[in-house]
Amino acid sequence: MSVLLRIAFILAGALLLGVAANEALRAVGHWYEMNRAQSESDLSQAFVIALAVHAACVLAGGWLGNLLFRHWRRRRTASRH
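Conventions used here
- Residues numbered from 1 in each chain as written.
- Predicted model: local features only at pLDDT ≥ 70, side-chain atom pairs only at ≥ 80, totals over all residues.
- Heavy atoms only, no water.
- Phe/Tyr/Trp six-rings, centres within 6.5 Å; stacked < 30°, edge-to-face > 60°.
- Helix = DSSP H or I, 4+ residues; strand = E, 2+ residues; numbered from the N terminus.
- Buried < 20%, exposed > 50% of the residue type's maximum accessible area, 1.4 Å probe, protein only.
- Expected span 1.5 Å × (residues − 1).
- Contact = heavy atoms within 4.5 Å.
- Axes fitted to C-alpha atoms, helices over the stretch in contact; angles between N-to-C directions.
- Parallel < 35°, antiparallel > 145°, perpendicular 65-115°, else oblique.
- Left-handed = near helix turned anticlockwise from the far one by under 90°.
- Nonpolar A, V, L, I, M, F, W, Y, C, P; charged D, E, K, R; others polar.

Q: Honestly, the packing of aromatic side chains in this entry has me stumped. Any pointers?
A: For any pair of aromatic rings, the description consists of the separation of the ring centres together with the inter-plane angle of the planes. Counting across every chain of the model gives 3 aromatic pairs. Arranged with centres 6.0 Å apart and planes meeting at 40°, the rings of F69 and W72 form a pair that is tilted. Taken together, the residues F69 and W72, both in helix α2 (residues 40–80) and 3 residues apart, mark about one turn of the helix. Residue W72 is classed as partly exposed on the basis of its relative accessible area of 33%. Three or more aromatic residues joined by ring pairs make a cluster, and in this case those are F9, F69 and W72.

This is the structure:
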């Protein structure tokens, strides 16, 4: 049961931070496309950078979810004693 709960915490953290990053990157990407991009090459470079940032945010969200699970489990076991 603990393993499934840990996976749920990790997935929830990754999903939440991934969605937040997606919304921020969408706004920045739209601004960049309208105001700064000079060619298709600029847009493709920006897309690759946004994809890398999004992947890093998903990984960081999973890591934070794992930390939150460990903190929650530690507090739960401490309250029992």
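Back to the text.
Q: What am I meant to see in α2 here?
A: Along an α-helix, a turn takes 3.6 residues, which lines up residues three or four apart on a common side. The end-to-end C-alpha distance of α2 is 60 Å, a good match for the 60 Å that 41 residues give at a rise of 1.5 Å each. Among the residues of α2, those classed as buried are D42, G61, G62, G65, N66 and F69. Buried residues in α2 make contact with α1 (2–35).

Q: Is there a simple way to think about the packing of α1 against α2 in this case?
A: Geometry of a packed helix pair, given as the angle between the helix axes and the separation of the axes. Contact geometry for α1 and α2: axes closest at 7 Å, N-to-C directions at 150°. Taken as axis vectors, α1 and α2 run roughly antiparallel relative to one another. Remark: the crossing between α1 and α2 carries right-handed chirality. Here the contact of α1 with α2 is composed, by residue class, of 19 nonpolar, 9 polar and 5 charged.

Q: Would you mind going over α1 with me for this structure?
A: The terminal C-alpha atoms of α1, which comprises 34 residues, lie 49 Å apart, in line with the 50 Å expected from a rise of 1.5 Å per residue. Looking only at α1, the buried set comprises G13, A14, G18 and A21. Elements that come into contact with the buried residues of α1 comprise α2.

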